[in-house]
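These are the residues of each chain, in order.
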Amino acid sequence: MPSLQQALDVFLLVERRPQTQLQYRVTLQAMVRAIGPERDIRLIRFEDLLDYQSHLRQTRKSSTVGGYTAIIKVFFNWCARRAYIA
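Scope of this entry: the structure provided in the associated data block. (Residues numbered from 1 in each chain as written. Predicted model: local features only at pLDDT ≥ 70, side-chain atom pairs only at ≥ 80, totals over all residues. Heavy atoms only, no water.)

## Some thoughts on the packing of helix H3 (residues 46-59) against helix H4 (residues 62-81)
Stated precisely, the cut-off is as follows: Angles here are taken between N-to-C directions and fall from 0 to 180 degrees, while the axes themselves are lines fitted to C-alpha atoms, restricted in helices to the stretch in contact. Under the DSSP-based scheme used, a helix requires at least four consecutive residues in state H or I and a strand at least two consecutive residues in state E, with every element numbered from the N terminus. Relative orientations are named as follows: roughly parallel for angles under 35 degrees, roughly antiparallel for angles over 145 degrees, roughly perpendicular for angles from 65 to 115 degrees, and oblique for any other angle. When the near helix sits turned anticlockwise from the far one by under a right angle, the crossing is termed left-handed; a clockwise turn instead gives a right-handed crossing. Contact criterion: two residues are considered in contact whenever any of their non-hydrogen atoms come within 4.5 Å of each other. Note that Gly is not counted as nonpolar here; it falls among the polar residues with everything else outside the nonpolar set of Ala, Val, Leu, Ile, Met, Phe, Trp, Tyr, Cys and Pro and the charged set of Asp, Glu, Lys and Arg.
Running from N to C, H3 and H4 cross one another at 155°; their axes reach a closest spacing of 10 Å. One way to sum up the angle between H3 and H4 is to call them roughly antiparallel. Helix-helix and strand crossings are classified by hand; for H3 and H4 the assignment is right-handed. Counted together, Leu49, Tyr52, Gln53, Leu56 and Arg57 of H3 and Val65, Tyr68, Thr69, Ile72 and Phe76 of H4 form the full contact between these two elements. Its residues assigned to classes, the contact of H3 with H4 shows seven nonpolar, two polar and one charged.

As structure tokens, then:
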């Protein structure tokens, strides 16, 4: 299975509108750095994502955290469809 960074690299190959692609790249790359780019995607736990979201709440507006959370959900749903995660 791919690392978190490898999964993100493939996810970002999907063609999207430029602004959407930029927002996905910025938001998800920050998450990858925080969780660990070399971590096996299957080993990322729900608690890891809650910890990251808690960190975001300390540094971002709640509306921004909501937008980031939506992007993170899109990414992990895509990972599930690709069978990277259950």
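Here the narrative resumes, following the displayed structure.
## Brief notes about the pattern of salt bridges
Selection rule: The working definition used for a salt bridge is a side-chain nitrogen of Lys or Arg within 4 Å of a carboxyl oxygen of Asp or Glu. Only protein chains enter the accessibility calculation, which uses a 1.4 Å probe; a residue is then buried when its area is under 20% of its type maximum, exposed when over 50%, and partly exposed in between.
If you walk through the whole model with that rule in mind, you get three salt bridges. Between arginine 39 and aspartate 48 there is a salt bridge, with the nearest N and O atoms lying 2.8 Å from each other. For the salt bridge of arginine 42 with aspartate 40, the shortest nitrogen-to-oxygen distance reads 2.7 Å. Note on aspartate 40: relative accessible area 17%, which makes it buried. Where salt bridges share partners, they join Arg39, Arg45 and Asp48 into one cluster.

So far we have only geometry, and geometry alone does not tell us how the molecule works.
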